[in-house]
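Fold and geometry: a report
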Amino acid sequence: MAEEVRVPDVTSMGTLGPAGGRKSSQDDIRCCKGEEELLNLEDEVFNPNMTSFKHENVEDLYELLEKLGSGHFGEVKRCREKSSGTFYAGKFIKTRKCKGSRLGLDREQVEREVFILQQLEHPNIMKLHDVFASRAEMVLILELIRGGELFDFIAEKEALSEEEAIEFLEQILRGVAYMHSRHIAHFDLKPENIMLLEKDTPHHKVKIIDFGLAQKIEDGAVFKSLCGTPQYIAPEVINYEPLGSPTDMW
Ligand SMILES: Nc1ncnc2c1ncn2[C@@H]1O[C@H](COP(=O)(O)OP(=O)(O)O)[C@@H](O)[C@H]1O
Ligand SMILES: [Mg+2]
């Protein structure tokens, strides 16, 4: 596994791109604004854009099961909704308690991930089911995708057949075309962020996950960032030039 390298997002002074290589590590170097500012949870409760955030304990409503994955934010665990018995993937994201803190993601970054997922409804894009927010953590309850990452699937097989490659690419491009039609760019498309619905099936269905770096690209607005995964990063990111949907096609 390649060692992870993180690239700070200079546009938000505190957000970070996911790592290079495969998985994120916990000990990132973070850029922070100096001053410490305490969070005002009341502001979040009454934020009109975030009405769907629940403030109770996630474990009151979901049974937490085994770990499915981990990243720079925390962990993804399988979980079971107590009321329906349905299984989901819970993405547990540690958030910064104060602006100067080195630990955790900015809450705005997670809110953006939620806001973007709420706008997407497509068979090749993972769905968001529920969101919880507490002072130190946010939990995204996501559609459970059971077949593992495309990265592991390719690594195990060493090579895909042409038919398989076409099957995967067609679905990925459908998902990407849909999000681009909604003016959303993912900015971290890679085999680790594409998952198989089921592993052992003749025709694979795939879904795009991880909207942690995704952005709504507003018409006429210039968006620049140094976020991404070094092995897959587009030249315009390195050159700190305006980014948009073409950046996803690199
Ligand atoms: N909906 C899901 N179903 C199953 N596993 C998931 C799901 N979402 C994420 N994972 C697993 O957790 C890993 C980390 O989640 P991801 O959202 O990609 O976070 P990061 O921003 O750290 O890359 C994924 O690579 C995948 O293995
Ligand atoms: Mg990821």
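Only a predicted model underlies this, so the values are computations on that prediction, with no experimental measurement involved.

Another point: the site of ligand 1. Of all residues adjacent to ligand 1, which total 21 residues, the nearest are G69, G71, V76, A89 and D210. Contributions of two or more residues to the shell around ligand 1 are made by strand 2 (62-70), strand 4 (87-94) and strand 6 (137-143). Within the shell around ligand 1, the residues separate by chemical class into ten nonpolar, six polar and five charged. A domain-level breakdown of the shell around ligand 1 finds at least three residues from each of domain 1 (47-142) and domain 2 (150-248).

Read from one edge to the other, the open sheet built from six strands follows the order 1-5-6-4-3-2, with strand pairing classed as mixed. Each edge of the sheet is formed by a strand with only one pairing partner; in this case those strands are strand 1 (53-54) and strand 2. For strand 4 and strand 6, the ladder comprises seven bridges, and the chain directions are antiparallel. Paired with G90 across the bridge in strand 6 is I141. Across the sheet, helix 3 (residues 107-118) touches strand 4, strand 5 (128-133) and strand 6, and the angle it forms with strand 5 is around 155°.

In this structure's numbering, the residues bearing the UniProt feature "binding site: ATP" (unreviewed entry) are K91. For K91, the location among the structural elements is in strand 4. Among residues more than four places away in sequence, those in contact with K91 are V76, V139, L140 and L142.

Procedures and definitions
Positions within a chain are numbered from 1, following the residues in the order the chain's sequence is written. To read the labels, note that chains go from A and ligands from 1, taken in the order they are written. Local features in a predicted model are, by the rule used here, given only for residues with pLDDT of at least 70; side-chain atom pairs are given and counted only at 80 or more, and totals for whole chains, interfaces and linings are based on all residues. We call a residue near a molecule or strand when its C-beta atom, built from the backbone, sits within 6 Å of it. Where helices and strands are cited, they refer to DSSP runs of H or I of at least four residues and of E of at least two residues respectively, numbered from the N terminus. Ten residues, namely Ala, Val, Leu, Ile, Met, Phe, Trp, Tyr, Cys and Pro, are considered nonpolar, four, namely Asp, Glu, Lys and Arg, are considered charged, and the remaining ones, Gly among them, are considered polar. Domain delimitation follows an automatic or database domain assignment. Two strands are counted as paired when DSSP detects at least two bridges linking them. Throughout, a residue-residue contact means that the two C-beta atoms, derived from backbone geometry, are no farther apart than 7 Å. In this description, a line fitted to the C-alpha atoms serves as the axis of each element, helices being fitted only across the stretch in contact, and the angle between N-to-C directions of two axes falls anywhere from 0 to 180 degrees. UniProt positions are given in the numbering used here, feature names are shortened, and annotations may be inferred rather than shown by experiment.

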